[in-house]
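Overview (structure and organization)
One letter stands for each residue in the lines below.
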Amino acid sequence: MTTREEPPAAPLGPRIPPTLRPQPAGPQQRRATRRPAEGAVVDCAVYVGGERQEAVAPDDALRVAEERDGFVWLGLYSPSEEELGAIAARYDLHPLAVEDAVFAHQRPKLEPYDDALFMVLKTATYVEHEELTATSEVVDTGEVMIFLGPRYVITVRHGEHGGLTGLRQRLEEQRDLLCLGPSAVLYAVADLVVDTFVEVAAAVEEDVEELEASVFSPERTDDIGRLYQLKRELMALRRAVSPLEVPLQKLAERPVDVVPDAMRSYFRDVLDHAIRVRDQVGGLDELLTSILQASLARTTMADNEDMRKISAYAGIIAVPTAIAGIYGMNFEHMPELEWRYGYPLVLLVILGAIVLLYRGFKRNGWL
C-alpha cells in the first residue's frame, strides 16, 4: 500500500493574503528539516465508497474526487507559507485559517468558514527519561490542523511526532466509516489525539507517584526542583487537553453542514474520553500541588529540627564555657583554687552538667 508519494513540485500559488490580525504570541513551532525535493505533501489519496483509489497527483486530486463522488485526503507536514498558499488557492481555503495553519502555535479550536471547517488539535507525546530531574523534558507538544470540506480533508501536522501514516492505514481497513465522508477522518484524528493524551497522562502519573514516594520517604531528599519542573510540564499537557472539550462538544451536539448526523455519536465518544483525561490531568495537577506543599513543609520541619539540635548543643557547650570562664579570671581570692581536689571536682561538675543536659534534650526530642 502506498503511504507516501513524491509528487511533482506544485506551482507556487498566490501568497496568503495579509490580515490585520496580530500573530500569536510565544515561540513558533519548530519546523522539521526536509529535503528540497521532498515537499510538504506526505500522502494524497482519493476515496470513493470507502475505498482508496489509484494514486493521483495532488494537483488533480480534488477534480478526481468531485468527478467520482468521493473525497480527497491530503496530508501535509510543516508546510511553508508558499506551499500552503498554493494548496489554499486550489481548495479555496479561508485565508485566516491558512494563516493559523502556517504559523501554528494555536489553541485547540473549531471554526466554521462558509461550507468548510477548520479545527486545531494539540498533540502530545511523553519524553522518556532515565531519571526525572529539575530540567527534564517530560511532555512534548505539537499541533495538527484539519481543513474539512464537502470533498476534501487536509491535515497539517507540526512537530516531531504525531504521524498519521498508521492512522490512515487503520482507517482504510474500516470501509463503513470512510463511507461517511471527510468527517470520518476528522473523527479518527481527534480520537487518536485523545487516546495519546490518555497514554501520556498515565506515564506522567508514574512520575508523580515516584516523586510522592521520594517526598514521603524516611531519607532526607530535596525534590522541590523536580516537583516544580513536572508541574510545568503537566501544565503544557493541560493546555492541550482542557480547551478541546468545547470543539468536540460542538461536533457532538450541534448540527454542522459538513458533518453527517451519523457522526455525532462518534464525536460524543471522543468527547467522553477527552473529559475523562481532562479530569485525570486536573487531578494530577492538584496532587502535585499537595506534594509540593508537603515537600516544603518537610523542608521547614527539617530546618527546625536542625536548629533545635544546634541550640541543644550550644546549650550543652555553654555550661563548661561558663565554668571555665569563671575560673579563668585568675583572681587571687577564689574558692578552691588552692585545694588539692579542686581541679578534678570542677571537671566532674562540668561532666555531670553535660550529661544532665544531654539526657534532658534527648528526652524532649531535641537531639
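Everything below is about the structure printed above this text.
Figured I'd write up the structure that's included with this text. Fair warning: this is a prediction, and the values are worked out from it, not measured in the lab.

What to know about the packing of helix α2 (residues 81-91) against helix α3 (residues 95-103)
Angle between the axes and distance between the axes are the two parameters that describe a pair of packed helices. It is the contact of α2 with α3, at a shortest axis distance of 10 Å, that shows an interaxial angle of 150°. Considering their axes alone, α2 and α3 lie roughly antiparallel with respect to each other. As for the relative orientation of α2 and α3, their crossing is right-handed in sense. Judged by residue contacts, Glu 81, Leu 84 and Ala 88 of α2 engage Val 98, Ala 101 and Val 102 from α3. Class assignment for the residues of the contact of α2 with α3 results in 5 nonpolar, no polar and 1 charged.

Here's the deal with the sheet that holds strand β6 (residues 139-148)
Taken in spatial order, the 7 strands line up as β2-β1-β3-β7-β6-β5-β4 in an open sheet, and their pairing is mixed. The sheet is open, and its two borders are formed by β2 (51-52) and β4 (109-113), each paired with just one other strand. Across 10 bridges, strand β5 (residues 116-126) lies against β6 in antiparallel orientation. By the bridge assignment, Ala 124 is partnered in β6 with Thr 141. In the packing of α3 onto the sheet, contacts are made with β4, β5, β6 and β7 (152-158), and the angle to β6 comes to roughly 155°. Of the strands in this sheet, β3 (71-77), β5, β6 and β7 are in contact with helix α6 (residues 182-215), which crosses β5 at around 25°.

Re the side chain of Ser 295
With respect to the helices, strands and loops of the structure, Ser 295 is situated in helix α9 (residues 264-327). Beyond its immediate sequence surroundings of up to four residues, Ser 295 is in contact with Val 215, Asp 223, Ile 224 and Leu 227.

Description of the packing of aromatic side chains
Within a pair of aromatic rings, the relevant descriptors are the distance that separates the centres and the angle that separates the planes. Using the criterion set out here, one finds 6 aromatic pairs in the structure. Considering the side-chain rings of Tyr 187 and Phe 267, the 6.2 Å spacing of their centres and the 90° angle between planes classify their relative orientation as edge-to-face. Within this pair, whereas Tyr 187 is found in helix α6, its partner Phe 267 is found in helix α9, the two being separated by 80 residues in sequence. You'll find Tyr 187 and Phe 267 in the same group, each marked buried. By way of ring pairs, the aromatic residues Tyr 47, Phe 71 and Trp 73 are connected into one cluster. The side chain of Arg 168 reaches across the aromatic face of Trp 73, ending 4.0 Å from its centre.

How each quantity is defined
Residues numbered from 1 in each chain as written. Predicted model: local features only at pLDDT ≥ 70, side-chain atom pairs only at ≥ 80, totals over all residues. Heavy atoms only, no water. Axes fitted to C-alpha atoms, helices over the stretch in contact; angles between N-to-C directions. Helix = DSSP H or I, 4+ residues; strand = E, 2+ residues; numbered from the N terminus. Parallel < 35°, antiparallel > 145°, perpendicular 65-115°, else oblique. Left-handed = near helix turned anticlockwise from the far one by under 90°. Contact = heavy atoms within 4.5 Å. Nonpolar A, V, L, I, M, F, W, Y, C, P; charged D, E, K, R; others polar. Pairing = 2+ DSSP bridges. Phe/Tyr/Trp six-rings, centres within 6.5 Å; stacked < 30°, edge-to-face > 60°. Buried < 20%, exposed > 50% of the residue type's maximum accessible area, 1.4 Å probe, protein only. Lys NZ or Arg CZ within 6 Å of the ring centre and 35° of its normal.

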